[in-house]
Amino acid sequence: MAKQNKNNDNENLDESVETEETSATQNDLMEKYFAVSVLRDFVLPDLLDKDTPELLYWAGKDLSRRLAIQDMNDLPNVFKNAGFGELEIASQTKASYKYVLSGPEVIQRFNLNNDDPEFSLESGFISETVQNTLGAACMGSFTLDLKNKVVNILIQIERN
């Protein structure tokens, strides 16, 4: 019986250490993301002023090219690893793809920006990646779902 208690104690200790490690990792990620968010959501808009959305959109397209993301099926993993949030396809037609961007990173950006965050970088990134995958010109735009704190991204495909 004493051995069983010892094992239970070890299991509890393991769970406690695992929870502390997970919490520390999440805090570390949020702190790192916060620095990027400050630059992106406050410093760049101050520098770029009214040109912020357009320049961030084209920067997103350029970033996709530089990272050589050639397959739009890779986008959810890339977004997660980049700290952009959780990306999923909501619907698709021959003329468009609709994505939903959500997660703690997105909620944090809504909270930091008084429900008016800018997601042109993500729209450009997705647009370029879809364009590379399909071989057709694409343009992206986004709308904010303030109630649910998610971003709807529409990629329109120009097919000949």
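The structure contained in this document is the topic of the report that follows. (Residues numbered from 1 in each chain as written. Predicted model: local features only at pLDDT ≥ 70, side-chain atom pairs only at ≥ 80, totals over all residues. Heavy atoms only, no water.)

What to know about the nonpolar core
Membership of the largest hydrophobic core comes to 24 residues, with the highest contact counts inside it found for Leu-75, Phe-79, Tyr-99, Leu-101, Ile-126, Val-130 and Ile-155. Secondary structure elements with two or more residues in this core: helix H3 (75-82), strand E2 (96-102), helix H4 (104-112), helix H5 (120-134) and strand E4 (150-158). When neighbours within four sequence positions are excluded, Phe-79 is seen to be in contact with Phe-84, Gly-85, Leu-87, Leu-101, Glu-122, Phe-125 and Ile-126. (Core = buried A, V, L, I, M, F, W, Y, C linked by side-chain atoms within 4.5 Å. Buried < 20%, exposed > 50% of the residue type's maximum accessible area, 1.4 Å probe, protein only. Helix = DSSP H or I, 4+ residues; strand = E, 2+ residues; numbered from the N terminus. Contact = heavy atoms within 4.5 Å.)

Here's the deal with a nonpolar patch on the surface
A cluster of nonpolar residues, Leu-39, Phe-42, Val-43, Leu-44 and Leu-47, forms a patch on the protein surface that exposes about 440 Å² of accessible area. Take Phe-42: its relative accessible area is 34%, and that puts it in the partly exposed class. (Patch = residues over 30% accessible without salt bridge, like charges linked within 9 Å, V, L, I, M, F, W, Y side chains within 5 Å. Areas by Shrake-Rupley, 256 points an atom, 1.4 Å probe, with all protein chains shown as cover. Salt bridge = Lys/Arg side-chain N within 4 Å of Asp/Glu carboxyl O.)

Considerations on the sheet that holds strand E1 (residues 86-92)
Hydrogen bonding along the main chain pairs the strands of a sheet, whether they run parallel or antiparallel. On the basis of which strands lie adjacent, the open sheet formed by four strands has the order E1-E2-E4-E3 and antiparallel pairing. The open sheet has two edge strands, E1 and strand E3 (137-145), and neither has a second partner. Strand-to-strand twist across the sheet, computed as the mean angle between neighbouring axes with direction ignored, equals 25 degrees. The pairing of E1 with E2 spans six bridges and is antiparallel. Residue pairing in the sheet places Glu-86 in a bridge with Ser-102 of E2. (Pairing = 2+ DSSP bridges. Axes fitted to C-alpha atoms, helices over the stretch in contact; angles between N-to-C directions.)

Side note on the pattern of salt bridges
According to the stated counting rule, one finds six salt bridges in the structure shown. Across the pair Lys-61 and Glu-128 runs a salt bridge whose closest N-O atoms are separated by 3.3 Å. With a gap of 67 residues between them, Lys-61 in helix H2 (residues 52-66) and Glu-128 in helix H5 connect regions that are remote in the sequence. Residues Lys-61 and Glu-128 agree in their burial class; the two are buried. Here Arg-109 and Glu-122 are joined by a salt bridge, their closest N and O atoms 2.9 Å apart.

Describing the pairing of E4
By the bridge criterion, six bridges tie E2 to E4 in an arrangement that is antiparallel. Each residue of the ladder has a partner; that of Tyr-99, found in E4, is Ile-153. Direction of pairing for E3 relative to E4: antiparallel, over a ladder of nine bridges. The partner of Met-139 across the bridge, within E4, is Gln-156. In sequence, E3 turns back onto E4 through a hairpin of four residues, with Lys-149 there showing a positive phi of about 50 degrees.

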